[in-house]
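# Structural description and commentary
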Amino acid sequence: MMSGGWAASGLCRTEAADDLFVEGAAQNRAKALCFGCPVRAECLAHALDERIEHGVWGGMTERERRALLKRRPTVRSWAALLEAARREHDAGRAVVARSTA
């Protein structure tokens, strides 16, 4: 189901599944767990690529993921897109670090 072993590093790995598959205001509590998670992007990409319809994944609810998929229907691999964005972001941070050193 979850490839790459990233799930073992998720902050939610010790949470009860019922706490992540909630509705209403409880979703905000579930999303808060995602914000500091080291594998948030991988989790979100998995949910988007697999079109997972329920639960909070990578800090997004099913409604938020549906809206994103609708806005970006041409994206074939969210994993590839998010990894490219991460590399670009990290490269930008490296440039800033060198210029301030």
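Let us look at the structure shown here. Predicted model, so just to flag it, every value in this text is computed and none were measured.

Right, let's get into the side chain of Lys31. Topologically, Lys31 is positioned in helix 1 (residues 26-34). Excluding residues that lie within four positions of it along the chain, Lys31 makes contacts with Val56, Gly59, Thr61 and Glu64.

Given 3.6 residues per turn, any residue in an α-helix points the same way as the ones three and four places further on. Every buried residue of helix 2 (residues 40-49) is accounted for by Cys43, Leu44, Ala45, His46, Ala47 and Leu48. Remark: Arg51 follows helix 2 within two positions and exhibits a positive phi of approximately 55 degrees.

The next point concerns the environment of Arg65. Mapped onto the elements, Arg65 comes out in helix 3 (residues 62-71). Once the C-alpha coordinates of Arg65 and Glu53 are considered, the two residues, twelve residues apart in sequence, prove to be 8.3 Å apart. For Arg65, the contacting residues outside a window of four places in its chain are Leu44, Ala47, Leu48, Ile52, Glu53, His54, Gly55, Val56, Trp57 and Met60.

Below, the discussion takes up the nonpolar core. The biggest cluster of nonpolar side chains holds eight residues, and these are Leu44, Ala45, Leu48, Met60, Leu68, Leu69, Val75 and Trp78. Where this core is concerned, the elements lending two or more residues are helix 2 and helix 3. Per-element tally for this core: the top contributor is helix 2, with three residues. If near-sequence neighbours (up to four positions away) are discounted, Leu44 is found in contact with Trp57, Gly58, Met60, Arg65 and Leu82.

What counts and how
- Residues numbered from 1 in each chain as written.
- Predicted model: local features only at pLDDT ≥ 70, side-chain atom pairs only at ≥ 80, totals over all residues.
- Heavy atoms only, no water.
- Helix = DSSP H or I, 4+ residues; strand = E, 2+ residues; numbered from the N terminus.
- Contact = heavy atoms within 4.5 Å.
- Buried < 20%, exposed > 50% of the residue type's maximum accessible area, 1.4 Å probe, protein only.
- Core = buried A, V, L, I, M, F, W, Y, C linked by side-chain atoms within 4.5 Å.

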